[in-house]
Every structure is written in C-alpha cells, then in structure tokens.
Amino acid sequence: MIHLEHINLVVTDLVTSLKFYRAAFPHWKVRAKGESNWYGKVRNWLHYGDDYQYLALNDSGNGHNRDLTGHELGLAHIAFVTSNIDAVIARLAESGFEISKDGAEEPHRRNVYFIDPDGYEIEFVQYLSDLPVERNAAPKSVAEEAEAFSKAVYQ
C-alpha cells in the first residue's frame, strides 16, 4: 500500500502560514523545526502534522504563487477530507480566512476552497456517504469517457 506522507510547501512566513493551517487542523502539532541550506539559501522549515502525515513548510519563498485562474504549470490545489466541513469553515473564518469558492453541488459530498496566505488553493471535502459508488459518483458521460480513455492508454 502507498499513502501520502507529506506535502512540502515553500512559503514566505512560517507563523503566517501556521495561522491558516492550525485553524484547519487544530489536532496537528509542530513535529519538527530547523534550519537548512537549500541550494545556497538559508531557510527555516517546520513539519506540521500528526504521527502519520504532515505539511513541510519552508520560509524561503520569493515572489508570488501561480495565478490560479491562469494556465501555467504548477500546483492547482490540495484537497483534504474532513468529517465536519462546517467546523473547518467556522475555524478558518474565525481566524480571518474567507471561502474563495464553493464546490460543486453533489448529492454525496460537500466541498469548499480557501486560499492560504501564500496563494495555495486548499480544498476541504466532506463525504456524505461511505459507499464508494456514491462518494466517487460522476455523471454517466464523464465515467464513460474515463473508461474509454483507460482502455486506450492501457492496451
């Protein structure tokens, strides 16, 4: 089995970033913190997470993140599953962060998007069903297109 262990994000300020991620993940903690040299530039870093997964944050960021409405290469968004999307929204709002866009209307899931202090789009998803066929439901035409594509690629 393979699972995601961590995501490494370059940010401008560790404290500012932690304000957002602590609101989203209040059960996580700073697991490790240090300083390193990254290709000639000293940077501070920290690992924020639980015993199984974490975000690695590095404060050596310069410039701006990619335009999320554009078409440049790069990270589009990161999604996290929650059992209580309303609580996540409330904690982020209390910390001064607003929803950047609502997710699609789906019968078996709710989702919402926020922009973190460095311009990363973060999605939160709450599944309203434990049945994979409902959780992963897609319109028939989309599912058929995916099946045809898979057959063509994996032949």
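Notes on the structure in this doc start here. The structure presented is a predicted model; accordingly, all values stated were derived computationally and were not measured.

### Some thoughts on the sheet that holds strand 6 (residues 99-102)
Ordered by their spatial adjacency, 4 strands build an open sheet running 5-8-7-6, and the pairing between neighbours is mixed. Edge positions in the sheet fall to strand 5 (78-81) and strand 6, since each has one partner strand and no second. Sheet twist, expressed as the mean angle between neighbouring strand axes with direction ignored, is 25 degrees. Pairing of strand 5 with strand 8 (residues 121-127), which is carried by 4 bridges, proceeds in the parallel orientation. For Ile78, the partnering residue across the bridge sits in strand 8 and is Ile122. On the sheet, helix 2 (residues 85-94) packs against strand 6, strand 7 (109-115) and strand 8 and is oriented at approximately 20 degrees with respect to strand 7.

### Notes on a nonpolar patch on the surface
Taken together, the side chains of Phe149, Val153 and Tyr154 make up a nonpolar region of the molecular surface, amounting to roughly 400 Å² of accessible area. By secondary structure assignment, the location of Tyr154 is in the segment after helix 4 (140-153). Note on Tyr154: relative accessible area 70%, which makes it exposed.

### Observations concerning the sheet that holds strand 2 (residues 29-38)
Picture the strands of a sheet paired through backbone hydrogen bonds; they go either parallel or antiparallel. Spatially, 1-4-3-2 is the arrangement adopted by the 4 strands of the open sheet, whose pairing is mixed. Across the chains shown, the open sheet's two edge strands, defined by having one partner strand only, are strand 1 (6-10) and strand 2. The sheet shows a mean angle of 20 degrees between the axes of neighbouring strands, taken without regard to direction. Taken together, the 5 bridges between strand 3 (residues 41-49) and strand 4 (residues 54-58) define a ladder with antiparallel strand orientation. The residue bridging Tyr48 from the neighbouring strand is Leu55, located in strand 4.

About the criteria used
Residues numbered from 1 in each chain as written. Predicted model: local features only at pLDDT ≥ 70, side-chain atom pairs only at ≥ 80, totals over all residues. Heavy atoms only, no water. Pairing = 2+ DSSP bridges. Helix = DSSP H or I, 4+ residues; strand = E, 2+ residues; numbered from the N terminus. Axes fitted to C-alpha atoms, helices over the stretch in contact; angles between N-to-C directions. Contact = heavy atoms within 4.5 Å. Patch = residues over 30% accessible without salt bridge, like charges linked within 9 Å, V, L, I, M, F, W, Y side chains within 5 Å. Areas by Shrake-Rupley, 256 points an atom, 1.4 Å probe, with all protein chains shown as cover. Salt bridge = Lys/Arg side-chain N within 4 Å of Asp/Glu carboxyl O. Buried < 20%, exposed > 50% of the residue type's maximum accessible area, 1.4 Å probe, protein only.

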